[in-house]
Amino acid sequence: ALLGIGEGVAMPAMNQMVSVWVPPCERSRSLSLIYSGMYAGSVFGLLACPYLIQAFGWPSVFFSFGALGFAWWALWLIGIGSSPETCAGISNDEREYIARSRLDQTQYSIVPSSAGRGVREESSFAKVD
């Protein structure tokens, strides 16, 4: 149950980080790379597990991937902020580019729906006309 709680927030949290950090014109590529990386990580983990078990025993799988997760978490805390405005690890030019791209995006866009009506998107909420 605890694993599900931990993993259940991963996708929404990732999408939130992408919406804050990545300019709108680059979001689809970024999300495709992120999700592809998740699957590649699963493949790598499944391929590495038999070797770890054979060389060091079955507990080594949990210790090695747990240590890798904690190392990733520590690097994330050191190098990434909640938003570009609070992160000291990026240049001012990059920070301004991200902020400018968020301001330049269109406030409203019409998305066709299957019912023949348009769906008007405003920020993160959608209204059906």
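Computed from a predicted model, the values in this text were never measured in an experiment.

Looking at the layout of surface pockets
Here comes step 1: Roughly 690 Å³ of volume is contained in the largest pocket.
Here comes step 2: Along the walls of the largest pocket sit 15 residues, with Met-38, Leu-68, Gly-69, Trp-72 and Trp-73 positioned nearest its centre.
Here comes step 3: Contributing elements (two or more residues each) for the lining of the largest pocket: α3 (27-56) and α4 (59-79).
Here comes step 4: The dominant element in the lining of the largest pocket, judged by the number of residues it contributes, is α4, at nine residues.
Here comes step 5: For the lining of the largest pocket, the class distribution of residues is 13 nonpolar, two polar and no charged.

A short note on the packing of aromatic side chains
Here comes step 1: Scanning the entire structure with this criterion turns up three aromatic pairs.
Here comes step 2: Ring centres of Phe-70 and Trp-73 lie 6.3 Å apart, and the angle between their planes is 80°; on these two criteria the pair is classed as edge-to-face. Within this pair, Phe-70 and its partner Trp-73 are both found in helix α4, separated by three residues, close to a single helical turn.
Here comes step 3: For Phe-70, a relative accessible area of 60% translates into the label exposed.
Here comes step 4: Ring geometry for Trp-72 against Trp-76: centres 6.4 Å apart, planes inclined by 35°, an arrangement best described as tilted. On the criterion of helical spacing, the pair formed by Trp-72 and Trp-76 is a turn pair, its members being four residues apart in helix α4.
Here comes step 5: The exposure class assigned to Trp-72 is exposed, which follows from its relative accessible area of 59%.

Conventions adopted
Residues numbered from 1 in each chain as written. Predicted model: local features only at pLDDT ≥ 70, side-chain atom pairs only at ≥ 80, totals over all residues. Heavy atoms only, no water. 1 Å grid on protein atoms, 1.4 Å probe; cavity = no way out; pocket = protein on both sides within 12 Å on 5 of 7 lines; lining within 4 Å. Points joined across faces, edges and corners; volume = space filled by probe spheres on them. Helix = DSSP H or I, 4+ residues; strand = E, 2+ residues; numbered from the N terminus. Nonpolar A, V, L, I, M, F, W, Y, C, P; charged D, E, K, R; others polar. Phe/Tyr/Trp six-rings, centres within 6.5 Å; stacked < 30°, edge-to-face > 60°. Buried < 20%, exposed > 50% of the residue type's maximum accessible area, 1.4 Å probe, protein only.

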